[in-house]
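Summary of the model geometry
So you can see what is in the structure, the chains are spelled out below.
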There are 2 protein chains.
Amino acid sequence: MAAPTPSAPSAATYGIGARIALHPMTDRYVDIITTALAATPRPPELELTTSPVSTFVGGPDAAVVRYCADLVAAAAHRADGAHLAAQVLLSRGCPGEVTCTLRHGPWVDGEAVAVPDAGVRAWAEWSLYPLLDGQGGGAHMTPIMDAIATARASGLFHSSDHFVTRLAGDVGAILALVATAWLRTGAGVQHVVTHLSLSINSPTQGV
Amino acid sequence: MAAPTPSAPSAATYGIGARIALHPMTDRYVDIITTALAATPRPPELELTTSPVSTFVGGPDAAVVRYCADLVAAAAHRADGAHLAAQVLLSRGCPGEVTCTLRHGPWVDGEAVAVPDAGVRAWAEWSLYPLLDGQGGGAHMTPIMDAIATARASGLFHSSDHFVTRLAGDVGAILALVATAWLRTGAGVQHVVTHLSLSINSPTQGV
(Lines give C-alpha, C1' and ligand atoms only; values in the text may rest on other atoms or scores of the structure.)
Protein backbone atom coordinates (compact mmCIF):
# COMPACT_ATOMS: atom_id res chain seq x y z
CA MET A 1 0.00 0.00 0.00
CA ALA A 2 1.40 3.37 -0.93
CA ALA A 3 2.10 5.82 1.84
CA PRO A 4 -0.48 8.58 1.98
CA THR A 5 0.55 11.62 -0.03
CA PRO A 6 1.06 14.56 2.29
CA SER A 7 -1.12 17.52 1.46
CA ALA A 8 0.63 20.33 -0.40
CA PRO A 9 2.26 22.97 1.80
CA SER A 10 0.74 26.41 2.12
CA ALA A 11 2.39 29.70 3.12
CA ALA A 12 0.93 29.28 6.61
CA THR A 13 1.96 25.67 7.17
CA TYR A 14 5.40 26.38 5.73
CA GLY A 15 5.88 29.36 8.05
CA ILE A 16 6.36 32.06 5.41
CA GLY A 17 6.38 35.63 6.59
CA ALA A 18 8.16 38.81 7.60
CA ARG A 19 8.76 40.93 10.63
CA ILE A 20 9.02 44.62 9.75
CA ALA A 21 9.74 47.70 11.84
CA LEU A 22 9.73 51.37 10.81
CA HIS A 23 11.97 53.87 12.61
CA PRO A 24 11.31 57.46 11.50
CA MET A 25 13.90 59.70 13.20
CA THR A 26 11.62 62.65 13.81
CA ASP A 27 9.17 63.85 16.45
CA ARG A 28 6.45 62.96 13.90
CA TYR A 29 7.23 59.24 14.06
CA VAL A 30 3.86 58.11 15.43
CA ASP A 31 2.00 59.93 12.66
CA ILE A 32 4.34 58.54 10.00
CA ILE A 33 3.96 54.95 11.18
CA THR A 34 0.19 55.04 11.69
CA THR A 35 -0.40 56.86 8.40
CA ALA A 36 1.78 54.38 6.51
CA LEU A 37 -0.04 51.42 8.07
CA ALA A 38 -3.42 52.92 7.19
CA ALA A 39 -2.38 53.83 3.63
CA THR A 40 -0.81 50.50 2.64
CA PRO A 41 -3.14 48.10 0.79
CA ARG A 42 -3.51 44.87 2.75
CA PRO A 43 -4.56 41.87 0.66
CA PRO A 44 -6.94 39.48 2.45
CA GLU A 45 -4.43 36.62 2.29
CA LEU A 46 -2.08 38.44 4.66
CA GLU A 47 -2.09 38.05 8.44
CA LEU A 48 -0.77 41.07 10.37
CA THR A 49 0.05 41.14 14.09
CA THR A 50 1.88 43.95 15.83
CA SER A 51 4.23 43.49 18.81
CA PRO A 52 5.99 46.17 20.88
CA VAL A 53 9.01 45.80 18.59
CA SER A 54 7.80 44.92 15.09
CA THR A 55 4.90 43.76 12.94
CA PHE A 56 4.48 40.18 11.73
CA VAL A 57 3.25 39.78 8.15
CA GLY A 58 2.32 36.21 7.22
CA GLY A 59 1.21 34.89 3.85
CA PRO A 60 2.48 33.94 0.38
CA ASP A 61 6.04 35.13 -0.31
CA ALA A 62 5.17 37.61 -3.06
CA ALA A 63 2.31 39.25 -1.14
CA VAL A 64 4.39 39.52 2.04
CA VAL A 65 7.29 41.18 0.25
CA ARG A 66 5.06 43.51 -1.76
CA TYR A 67 3.36 44.61 1.48
CA CYS A 68 6.74 45.37 3.08
CA ALA A 69 7.84 47.43 0.08
CA ASP A 70 4.56 49.34 0.00
CA LEU A 71 4.70 50.03 3.74
CA VAL A 72 8.25 51.38 3.59
CA ALA A 73 7.37 53.52 0.57
CA ALA A 74 4.27 54.91 2.31
CA ALA A 75 6.33 55.77 5.39
CA ALA A 76 9.00 57.41 3.26
CA HIS A 77 6.43 59.57 1.50
CA ARG A 78 4.86 60.62 4.80
CA ALA A 79 8.32 61.27 6.27
CA ASP A 80 8.71 63.87 3.50
CA GLY A 81 12.50 64.07 3.70
CA ALA A 82 12.92 63.07 7.35
CA HIS A 83 15.41 60.28 8.05
CA LEU A 84 13.73 56.86 8.13
CA ALA A 85 15.17 53.42 8.90
CA ALA A 86 13.33 50.16 8.34
CA GLN A 87 14.18 46.62 9.38
CA VAL A 88 12.83 43.65 7.43
CA LEU A 89 13.27 39.97 8.39
CA LEU A 90 11.98 37.37 5.90
CA SER A 91 11.67 33.74 6.97
CA ARG A 92 10.45 30.54 5.29
CA GLY A 93 10.49 26.86 6.18
CA CYS A 94 10.25 26.95 9.97
CA PRO A 95 6.55 26.84 10.81
CA GLY A 96 6.93 26.55 14.60
CA GLU A 97 8.50 28.88 17.11
CA VAL A 98 11.35 26.52 17.93
CA THR A 99 10.98 23.55 15.61
CA CYS A 100 11.06 23.26 11.83
CA THR A 101 9.55 19.81 11.44
CA LEU A 102 7.85 19.50 8.06
CA ARG A 103 6.70 16.46 6.10
CA HIS A 104 8.12 18.05 2.97
CA GLY A 105 11.57 19.04 1.90
CA PRO A 106 12.31 22.45 0.44
CA TRP A 107 9.31 24.03 -1.27
CA VAL A 108 8.82 27.23 -3.21
CA ASP A 109 5.78 28.58 -4.98
CA GLY A 110 7.31 30.67 -7.77
CA GLU A 111 10.56 31.58 -9.47
CA ALA A 112 11.08 35.17 -8.38
CA VAL A 113 9.45 37.91 -6.35
CA ALA A 114 8.37 40.89 -8.45
CA VAL A 115 8.16 44.28 -6.73
CA PRO A 116 7.57 47.50 -8.67
CA ASP A 117 9.90 50.43 -8.12
CA ALA A 118 8.82 52.40 -5.05
CA GLY A 119 10.18 55.75 -6.14
CA VAL A 120 12.20 55.87 -2.91
CA ARG A 121 15.98 55.44 -2.77
CA ALA A 122 17.76 53.77 0.13
CA TRP A 123 21.01 52.44 1.46
CA ALA A 124 20.67 48.87 2.65
CA GLU A 125 22.68 46.22 4.47
CA TRP A 126 21.67 42.65 3.72
CA SER A 127 22.47 39.22 5.14
CA LEU A 128 21.15 35.78 4.13
CA TYR A 129 21.06 32.71 6.39
CA PRO A 130 20.43 29.30 4.80
CA LEU A 131 19.83 26.99 7.81
CA LEU A 132 20.69 23.64 6.34
CA ASP A 133 18.86 21.29 8.70
CA GLY A 134 18.78 17.81 7.22
CA GLN A 135 20.50 18.88 4.01
CA GLY A 136 23.60 16.79 4.63
CA GLY A 137 25.78 19.54 6.04
CA GLY A 138 28.40 21.74 4.50
CA ALA A 139 28.33 24.45 1.92
CA HIS A 140 25.98 26.91 3.61
CA MET A 141 28.04 29.61 1.96
CA THR A 142 27.21 28.39 -1.56
CA PRO A 143 23.72 29.94 -1.69
CA ILE A 144 25.11 33.07 0.00
CA MET A 145 27.79 33.42 -2.67
CA ASP A 146 25.17 32.80 -5.37
CA ALA A 147 23.03 35.56 -3.87
CA ILE A 148 25.94 37.98 -3.75
CA ALA A 149 26.72 37.21 -7.40
CA THR A 150 23.11 38.04 -8.21
CA ALA A 151 23.43 41.29 -6.28
CA ARG A 152 26.61 42.24 -8.14
CA ALA A 153 24.79 41.72 -11.44
CA SER A 154 21.72 43.70 -10.36
CA GLY A 155 23.11 47.23 -10.41
CA LEU A 156 22.19 47.55 -6.72
CA PHE A 157 25.47 46.23 -5.30
CA HIS A 158 27.56 48.86 -3.54
CA SER A 159 30.14 46.92 -1.50
CA SER A 160 30.82 43.98 0.75
CA ASP A 161 31.45 44.74 4.40
CA HIS A 162 31.72 42.73 7.60
CA PHE A 163 28.73 40.35 7.81
CA VAL A 164 26.61 42.21 5.22
CA THR A 165 26.31 43.15 1.58
CA ARG A 166 25.71 46.84 1.08
CA LEU A 167 23.15 47.85 -1.54
CA ALA A 168 21.95 51.20 -2.86
CA GLY A 169 18.94 51.88 -5.02
CA ASP A 170 15.18 51.91 -5.16
CA VAL A 171 13.44 50.29 -2.17
CA GLY A 172 11.26 48.15 -4.43
CA ALA A 173 14.22 46.93 -6.49
CA ILE A 174 16.20 46.15 -3.32
CA LEU A 175 13.32 44.13 -1.86
CA ALA A 176 12.83 42.29 -5.14
CA LEU A 177 16.53 41.33 -5.21
CA VAL A 178 16.63 40.25 -1.58
CA ALA A 179 13.34 38.36 -1.68
CA THR A 180 14.19 36.56 -4.92
CA ALA A 181 17.52 35.37 -3.46
CA TRP A 182 15.63 34.24 -0.32
CA LEU A 183 13.09 32.38 -2.48
CA ARG A 184 15.70 30.77 -4.71
CA THR A 185 17.76 29.61 -1.74
CA GLY A 186 14.53 28.09 -0.46
CA ALA A 187 14.39 25.82 -3.51
CA GLY A 188 17.28 23.85 -2.03
CA VAL A 189 17.18 24.67 1.67
CA GLN A 190 14.07 24.34 3.78
CA HIS A 191 14.70 26.97 6.47
CA VAL A 192 15.99 30.28 5.08
CA VAL A 193 16.05 33.64 6.86
CA THR A 194 17.22 36.98 5.50
CA HIS A 195 17.65 40.35 7.24
CA LEU A 196 17.54 43.72 5.49
CA SER A 197 18.29 47.06 7.13
CA LEU A 198 17.17 50.07 5.07
CA SER A 199 18.22 53.70 5.53
CA ILE A 200 16.31 56.46 3.72
CA ASN A 201 17.09 60.19 3.68
CA SER A 202 20.28 59.82 5.66
CA PRO A 203 21.63 63.31 6.39
CA THR A 204 25.27 62.32 6.24
CA GLN A 205 25.64 60.25 3.10
CA GLY A 206 23.46 60.58 0.05
CA VAL A 207 22.41 57.71 -2.14
CA MET B 1 56.57 14.23 10.57
CA ALA B 2 53.79 15.98 12.45
CA ALA B 3 51.71 18.50 10.59
CA PRO B 4 52.51 22.07 11.61
CA THR B 5 50.30 23.31 14.42
CA PRO B 6 48.18 26.19 13.16
CA SER B 7 48.58 29.38 15.13
CA ALA B 8 45.84 30.08 17.67
CA PRO B 9 42.87 32.05 16.33
CA SER B 10 42.33 35.66 17.34
CA ALA B 11 39.13 37.71 17.36
CA ALA B 12 40.23 39.33 14.10
CA THR B 13 41.20 36.14 12.26
CA TYR B 14 38.04 34.43 13.51
CA GLY B 15 35.85 37.29 12.29
CA ILE B 16 34.29 38.27 15.63
CA GLY B 17 32.31 41.47 15.73
CA ALA B 18 29.05 43.36 15.69
CA ARG B 19 27.11 45.73 13.52
CA ILE B 20 25.06 48.20 15.56
CA ALA B 21 22.63 50.95 14.59
CA LEU B 22 20.84 53.47 16.81
CA HIS B 23 17.45 54.89 15.75
CA PRO B 24 16.25 57.65 18.08
CA MET B 25 12.73 58.63 17.02
CA THR B 26 13.06 62.33 17.66
CA ASP B 27 14.25 65.45 15.84
CA ARG B 28 17.26 65.29 18.21
CA TYR B 29 18.53 62.04 16.71
CA VAL B 30 21.84 63.37 15.38
CA ASP B 31 22.74 64.83 18.78
CA ILE B 32 21.75 61.62 20.56
CA ILE B 33 23.82 59.41 18.26
CA THR B 34 26.91 61.62 18.19
CA THR B 35 26.80 62.22 21.94
CA ALA B 36 26.43 58.51 22.65
CA LEU B 37 29.36 57.67 20.36
CA ALA B 38 31.54 60.31 22.04
CA ALA B 39 30.53 59.25 25.57
CA THR B 40 31.04 55.50 25.20
CA PRO B 41 34.44 54.20 26.33
CA ARG B 42 36.26 52.52 23.44
CA PRO B 43 38.91 50.01 24.49
CA PRO B 44 41.99 50.02 22.23
CA GLU B 45 41.37 46.41 21.15
CA LEU B 46 38.19 47.41 19.33
CA GLU B 47 38.03 48.39 15.67
CA LEU B 48 35.15 50.72 14.76
CA THR B 49 34.06 51.61 11.22
CA THR B 50 30.86 53.45 10.35
CA SER B 51 28.82 52.88 7.20
CA PRO B 52 25.74 54.77 5.98
CA VAL B 53 23.57 52.13 7.71
CA SER B 54 25.41 50.88 10.80
CA THR B 55 28.69 50.76 12.71
CA PHE B 56 31.04 47.76 12.66
CA VAL B 57 32.64 46.88 16.00
CA GLY B 58 35.39 44.25 15.75
CA GLY B 59 37.36 42.64 18.57
CA PRO B 60 37.11 40.06 21.35
CA ASP B 61 33.53 38.89 22.05
CA ALA B 62 33.26 40.37 25.55
CA ALA B 63 34.63 43.79 24.59
CA VAL B 64 32.41 43.99 21.50
CA VAL B 65 29.26 43.17 23.46
CA ARG B 66 30.14 45.48 26.35
CA TYR B 67 30.69 48.32 23.87
CA CYS B 68 27.27 47.70 22.29
CA ALA B 69 25.56 47.73 25.69
CA ASP B 70 27.36 50.90 26.75
CA LEU B 71 26.51 52.63 23.46
CA VAL B 72 22.80 51.79 23.71
CA ALA B 73 22.73 52.91 27.35
CA ALA B 74 24.46 56.19 26.50
CA ALA B 75 21.97 56.85 23.72
CA ALA B 76 19.05 56.01 26.01
CA HIS B 77 20.30 58.44 28.65
CA ARG B 78 20.76 61.20 26.07
CA ALA B 79 17.33 60.40 24.58
CA ASP B 80 15.92 61.27 28.01
CA GLY B 81 12.60 59.55 27.52
CA ALA B 82 12.38 59.78 23.73
CA HIS B 83 11.65 56.54 21.86
CA LEU B 84 14.84 54.77 20.79
CA ALA B 85 15.33 51.59 18.76
CA ALA B 86 18.66 49.82 18.36
CA GLN B 87 19.68 46.95 16.10
CA VAL B 88 22.56 44.66 17.03
CA LEU B 89 24.02 41.89 14.83
CA LEU B 90 26.71 39.68 16.40
CA SER B 91 28.77 37.35 14.20
CA ARG B 92 31.64 34.93 14.80
CA GLY B 93 33.42 32.30 12.73
CA CYS B 94 33.18 33.81 9.24
CA PRO B 95 36.31 35.92 8.78
CA GLY B 96 35.80 36.76 5.10
CA GLU B 97 33.06 38.64 3.36
CA VAL B 98 31.73 35.61 1.53
CA THR B 99 33.80 32.67 2.74
CA CYS B 100 34.25 31.12 6.17
CA THR B 101 37.37 29.06 5.51
CA LEU B 102 39.33 28.57 8.73
CA ARG B 103 42.08 26.13 9.63
CA HIS B 104 40.35 25.56 12.96
CA GLY B 105 37.01 24.17 13.95
CA PRO B 106 34.74 25.96 16.39
CA TRP B 107 36.64 28.18 18.86
CA VAL B 108 35.57 30.29 21.81
CA ASP B 109 37.64 32.31 24.22
CA GLY B 110 35.52 32.21 27.38
CA GLU B 111 32.46 30.64 28.95
CA ALA B 112 30.04 33.56 29.11
CA VAL B 113 29.79 37.24 28.30
CA ALA B 114 29.38 39.43 31.38
CA VAL B 115 27.61 42.78 30.95
CA PRO B 116 26.63 44.95 33.93
CA ASP B 117 23.07 46.22 34.18
CA ALA B 118 22.64 49.36 32.09
CA GLY B 119 19.85 50.90 34.12
CA VAL B 120 17.74 51.04 30.93
CA ARG B 121 14.77 48.78 30.28
CA ALA B 122 13.83 47.53 26.81
CA TRP B 123 11.64 45.25 24.80
CA ALA B 124 13.66 43.03 22.52
CA GLU B 125 13.17 40.53 19.70
CA TRP B 126 15.95 38.03 19.29
CA SER B 127 16.92 35.41 16.71
CA LEU B 128 19.94 33.05 16.61
CA TYR B 129 21.38 31.47 13.46
CA PRO B 130 23.84 28.57 13.83
CA LEU B 131 25.26 28.11 10.32
CA LEU B 132 26.46 24.55 10.47
CA ASP B 133 29.02 24.47 7.67
CA GLY B 134 31.06 21.29 7.85
CA GLN B 135 29.35 20.12 11.03
CA GLY B 136 27.76 17.06 9.44
CA GLY B 137 24.34 18.56 8.88
CA GLY B 138 21.14 18.39 10.81
CA ALA B 139 20.02 19.70 14.14
CA HIS B 140 20.54 23.42 13.61
CA MET B 141 17.53 23.89 15.87
CA THR B 142 19.22 22.18 18.84
CA PRO B 143 21.38 25.17 19.83
CA ILE B 144 18.41 27.47 19.18
CA MET B 145 16.21 25.45 21.53
CA ASP B 146 19.01 25.40 24.12
CA ALA B 147 19.25 29.18 23.85
CA ILE B 148 15.49 29.60 24.28
CA ALA B 149 15.60 27.35 27.35
CA THR B 150 18.32 29.61 28.76
CA ALA B 151 16.17 32.64 28.01
CA ARG B 152 13.16 31.09 29.76
CA ALA B 153 15.30 30.52 32.87
CA SER B 154 16.76 34.04 32.81
CA GLY B 155 13.75 36.04 33.92
CA LEU B 156 13.99 38.03 30.66
CA PHE B 157 11.76 35.76 28.56
CA HIS B 158 8.43 37.33 27.59
CA SER B 159 7.05 35.18 24.77
CA SER B 160 7.78 33.29 21.61
CA ASP B 161 6.50 34.78 18.39
CA HIS B 162 6.99 34.16 14.69
CA PHE B 163 10.76 33.92 13.98
CA VAL B 164 11.84 35.60 17.25
CA THR B 165 11.98 35.25 21.01
CA ARG B 166 10.60 38.30 22.78
CA LEU B 167 12.50 39.52 25.83
CA ALA B 168 11.90 42.33 28.32
CA GLY B 169 14.32 43.69 30.90
CA ASP B 170 17.52 45.64 31.40
CA VAL B 171 19.54 46.28 28.22
CA GLY B 172 22.72 44.96 29.83
CA ALA B 173 21.05 41.77 31.03
CA ILE B 174 19.47 41.22 27.60
CA LEU B 175 22.81 41.63 25.82
CA ALA B 176 24.51 39.32 28.33
CA LEU B 177 21.89 36.63 27.70
CA VAL B 178 22.00 36.96 23.92
CA ALA B 179 25.80 37.16 23.71
CA THR B 180 26.32 34.21 26.03
CA ALA B 181 23.98 32.05 23.94
CA TRP B 182 25.86 33.20 20.82
CA LEU B 183 29.20 32.34 22.44
CA ARG B 184 28.05 28.94 23.73
CA THR B 185 26.60 27.99 20.34
CA GLY B 186 30.01 28.93 18.97
CA ALA B 187 31.61 26.18 21.05
CA GLY B 188 30.03 23.62 18.71
CA VAL B 189 29.31 25.58 15.53
CA GLN B 190 31.92 27.65 13.76
CA HIS B 191 29.77 30.30 12.07
CA VAL B 192 27.09 31.76 14.36
CA VAL B 193 25.10 34.97 13.85
CA THR B 194 22.51 36.51 16.13
CA HIS B 195 20.22 39.51 15.60
CA LEU B 196 18.73 41.61 18.40
CA SER B 197 16.18 44.39 17.93
CA LEU B 198 15.77 46.63 21.01
CA SER B 199 12.94 49.08 21.70
CA ILE B 200 13.31 51.62 24.52
CA ASN B 201 10.71 54.12 25.75
CA SER B 202 7.99 52.83 23.45
CA PRO B 203 4.97 55.11 23.83
CA THR B 204 2.40 52.41 23.28
CA GLN B 205 3.47 49.53 25.47
CA GLY B 206 5.47 49.89 28.65
CA VAL B 207 8.07 47.45 29.84
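Naming follows an unreviewed UniProt entry, where chain A appears as YkoF family thiamine/hydroxymethylpyrimidine-binding protein of Propioniciclava soli.

With that settled, the discussion passes to the overall build of chain A. Summing up its helical and strand segments, chain A has four helices and eight strands in all. Secondary structure of chain A in N-to-C order comes out as β-α-β-β-α-β-β-α-β-β-α-β. Over its C-alpha atoms chain A spans a radius of gyration of 17 Å, differing by no more than 12% from the 17 Å that the globule rule assigns to 207 residues. Along the longest, intermediate and shortest principal axes, the C-alpha atoms of chain A span 65 × 35 × 30 Å.

Turning to the pairing of strand β5 (residues 121-131) of chain B, a few remarks are in order. All names here are of chain B. Burial of β5 is extensive: 10 of the 11 residues sit out of reach of the surface. Where β5 lies against strand β7 (residues 164-170), six bridges are found, and the strand directions are antiparallel. If you follow Ala124 over to β7, its bridge partner there is Leu167. As paired elements, β5 and strand β8 (residues 191-200) share nine bridges and run antiparallel to each other. From the neighbouring strand, Leu131 faces β8, where its bridge partner is His191.

This part covers the relation of the copies chain B and chain A. For these two chains of identical sequence, chain B goes onto chain A by a turn of 180° and a shift of 0.0 Å along the axis, with RMSD 0.0 Å. With respect to symmetry, the two chain copies, as superposed, fit the operation of a two-fold axis. An overlap of 100% is found between the interface residues of chain B and their copies at the interface of chain A, pointing to a shared contact surface.

What follows covers the side chain of Ser159 of chain B. Residues and elements named next belong to chain B. Looking at the secondary structure, you find Ser159 in strand β6 (residues 157-161). Within the local environment of Ser159, its side chain forms a polar contact with the side chain of His158, the two groups lying 2.7 Å apart. Apart from residues no more than four positions distant in its own chain, Ser159 is found in contact with Thr165 and Arg166.

Moving on: the interface of chain B and chain A. How big an interface is tends to be reported as the loss of accessible area on association of its parts. Each side of the interface is counted separately: chain B has 61 residues, and chain A has 61 residues. The largest contributions to the chain B side of the interface with chain A come from Met25, Pro52 and Phe163 of chain B, which together make up 15% of the buried area. Inspection of the chain B/chain A interface yields four salt bridges. In this structure, Glu125 of chain A engages Arg19 of chain B in a salt bridge whose closest nitrogen and oxygen atoms are separated by 3.2 Å. Mapped by element, the contributors of at least two residues to the side of chain B that touches chain A are β1 (17-24), α1 (29-39), β4 (84-92), β5, α3 (141-154), β6, β7 and β8 of chain B. Of all the elements, β5 of chain B adds the most residues to the side of chain B that touches chain A, at seven residues. Tallied by class, the residues present in the side of chain B that touches chain A amount to 29 nonpolar, 24 polar and eight charged.

A separate point is the packing of helix α2 (residues 61-79) of chain A against helix α4 (residues 171-186) of chain A. Residues and elements named next belong to chain A. In contact at an axis separation of 10 Å, α2 and α4 are set at 155° when each is read in the N-to-C sense. Between α2 and α4, the crossing angle belongs to the class labelled roughly antiparallel. Relative to α4, the crossing made by α2 is right-handed. Residue-level inspection shows Asp61, Val65, Cys68, Ala69 and Val72 of α2 in contact with α4, the latter providing Val171, Leu175, Ala179, Trp182 and Leu183. For the contact of α2 with α4, a count of residues per class yields nine nonpolar, no polar and one charged.

Glancing now at the environment of Ala36 of chain A. Residue and element names in this part refer to chain A. Its location among the elements puts Ala36 in helix α1 (residues 29-39). In this structure Ala36 comes out as buried when scored by relative accessible area, which is 1%. Taking C-alpha positions, Ala36 is 8.2 Å from Ala73, a pair spaced 37 residues apart along the chain.

With that out of the way, let us pick up the sheet that holds β1 of chain B. Each strand in a sheet pairs with its neighbour through backbone hydrogen bonds, running either in the same direction (parallel) or in the opposite one (antiparallel). Residues and elements named next belong to chain B. The eight strands lie next to each other as β2-β3-β1-β4-β8-β5-β7-β6, forming an open sheet whose pairing is antiparallel. Each end of this open sheet is capped by a strand with a single partner; those strands are β2 (47-50) and β6. When strand polarity is set aside, the average angle formed by the axes of neighbouring strands in this sheet is 20°. Contacts from helix α4 (residues 171-186) reach β1, β4, β5, β7 and β8, with the element oriented near 170° to β8.

Using the residue numbers shown here, the UniProt feature "domain: Thiamin/hydroxymethyl pyrimidine-binding YkoF putative" (unreviewed entry) corresponds to residues 17-97 and 124-205 of chain A. Secondary structure across residues 17-97 of chain A divides into 37% helix and 31% strand, with the first and last C-alpha atoms of the span separated by 13 Å.

Remark: the centre distance and the inter-plane angle together describe each pair of aromatic rings, the angle taken between the planes. Residues and elements named next belong to chain A. Taken as a whole, this structure holds five aromatic pairs over all chains when the rule is applied. The interplanar angle of 65° and the centroid separation of 5.2 Å between the aromatic rings of Tyr14 and Trp107 together place this pair among those described as edge-to-face. Of the two residues, Tyr14 is situated in the segment before β1 (17-24) and Trp107 in the loop between β4 (84-92) and β5 (121-131); the sequence distance between them amounts to 93 residues. Sitting over the ring of Trp182, Arg92 keeps its end group 5.7 Å from the ring centre.

Let us now look at the sheet that holds β4 of chain A. Residue and element names in this part refer to chain A. Strand order in this open sheet of eight strands is β2-β3-β1-β4-β8-β5-β7-β6, and the pairing throughout is antiparallel. At either end of the open sheet lies a strand with only one pairing partner, and these are β2 (47-50) and β6 (157-161). In this sheet, neighbouring strand axes are inclined to one another by 20° on average, regardless of whether the strands run parallel or antiparallel. Where β1 and strand β3 (residues 55-58) come together, four bridges link them in antiparallel fashion. From the neighbouring strand, Ile20 faces β3, where its bridge partner is Thr55. Strands in contact with helix α3 (residues 141-154) are β5, β6 and β7 (164-170); relative to β5, the strand with the most contacts, it is inclined by about 160°.

Calculation rules
Residues numbered from 1 in each chain as written. Chains lettered and ligands numbered in written order. Predicted model: local features only at pLDDT ≥ 70, side-chain atom pairs only at ≥ 80, totals over all residues. Heavy atoms only, no water. Helix = DSSP H or I, 4+ residues; strand = E, 2+ residues; numbered from the N terminus. Rg over C-alpha atoms; globule rule 2.2 N^0.38 Å. Buried < 20%, exposed > 50% of the residue type's maximum accessible area, 1.4 Å probe, protein only. Pairing = 2+ DSSP bridges. Least-squares fit on C-alpha atoms with pLDDT ≥ 70 in both. Contact = heavy atoms within 4.5 Å. Polar contact = N/O pair within 3.5 Å; in protein donor to acceptor, adjacent residues only side chain to side chain. Buried area = accessible area lost by both parts, 1.4 Å probe. Salt bridge = Lys/Arg side-chain N within 4 Å of Asp/Glu carboxyl O. Nonpolar A, V, L, I, M, F, W, Y, C, P; charged D, E, K, R; others polar. Axes fitted to C-alpha atoms, helices over the stretch in contact; angles between N-to-C directions. Parallel < 35°, antiparallel > 145°, perpendicular 65-115°, else oblique. Left-handed = near helix turned anticlockwise from the far one by under 90°. UniProt positions renumbered as here; feature names shortened; annotations may be inferred. Phe/Tyr/Trp six-rings, centres within 6.5 Å; stacked < 30°, edge-to-face > 60°. Lys NZ or Arg CZ within 6 Å of the ring centre and 35° of its normal.

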